[in-house]
Amino acid sequence: MPKLKKNKDLKEHQKWNSHYKKSNNGDKLKALLGDRMRTIRKQRGYTQEELSFRCDLDKTYVASIEQGRRNVSFINLHKIANALGMTLTEFFKGL
């Protein structure tokens, strides 16, 4: 994040941050990601436990992603896509 030098910059940053939090775009994106992951997992015939084993993540973590409660790291997204037999591009297609 760039260093905020002026009071005006700080106010603009706070205004943007406040708007972002109110819009819940992050929550919507997490829900979309979770829905996408669940759909693909079910198409592949995997349980949450099988997927978690394949991508070396905890079963409760996989469940919370599908419920839209996690902000997933890039590394974990890569693990999940690989476990589902697809690239990240394929995984995000249609979101």
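Residues numbered from 1 in each chain as written. Predicted model: local features only at pLDDT ≥ 70, side-chain atom pairs only at ≥ 80, totals over all residues. Heavy atoms only, no water.

### Topic: the overall build of the protein chain
1) Next: Check the secondary structure of the protein chain and you find 6 helices and 0 strands.
2) Next: Counting across all 95 residues of the protein chain, residues that qualify as buried make up 29%.
3) Next: Summed over its atoms, the accessible surface of the protein chain is roughly 7100 Å², and 52% of this surface lies on carbon and sulfur atoms. (Helix = DSSP H or I, 4+ residues; strand = E, 2+ residues; numbered from the N terminus. Buried < 20%, exposed > 50% of the residue type's maximum accessible area, 1.4 Å probe, protein only. Areas by Shrake-Rupley, 256 points an atom, 1.4 Å probe, with all protein chains shown as cover.)

### Remarks on the pattern of salt bridges
1) Next: Following the criterion strictly, the structure yields 4 salt bridges and no others.
2) Next: The residue D27 makes a salt bridge to K30 at a minimum N-O spacing of 3.5 Å. Placement of the pair is D27 and K30 together in helix 2 (residues 25-44), with a separation of 3 residues, close to one helical turn.
3) Next: Owing to a relative accessible area of 42%, D27 belongs among the partly exposed residues under this scheme.
4) Next: A salt bridge links E66 to R38; the shortest N-O distance between them is 3.7 Å. With E66 in helix 4 (residues 59-66) and R38 in helix 2, this pair connects stretches of sequence that are 28 residues apart.
5) Next: The exposure class of R38 is partly exposed, given its relative accessible area of 24%.
6) Next: Look at the salt bridges and you will find they share partners, linking D35, R38, R41 and E66 into a network. (Salt bridge = Lys/Arg side-chain N within 4 Å of Asp/Glu carboxyl O.)

### Description of the packing of aromatic side chains
1) Next: Summed over the entire model, instances satisfying the criterion amount to 1 aromatic pair.
2) Next: Between the aromatic rings of F91 and F92, the centroid separation amounts to 5.4 Å while the plane-to-plane angle is 85°, which identifies the pairing as edge-to-face.
3) Next: In this structure F91 comes out as buried when scored by relative accessible area, which is 0%.
4) Next: F92 sits in the partly exposed class, given a relative accessible area of 35%. (Phe/Tyr/Trp six-rings, centres within 6.5 Å; stacked < 30°, edge-to-face > 60°.)

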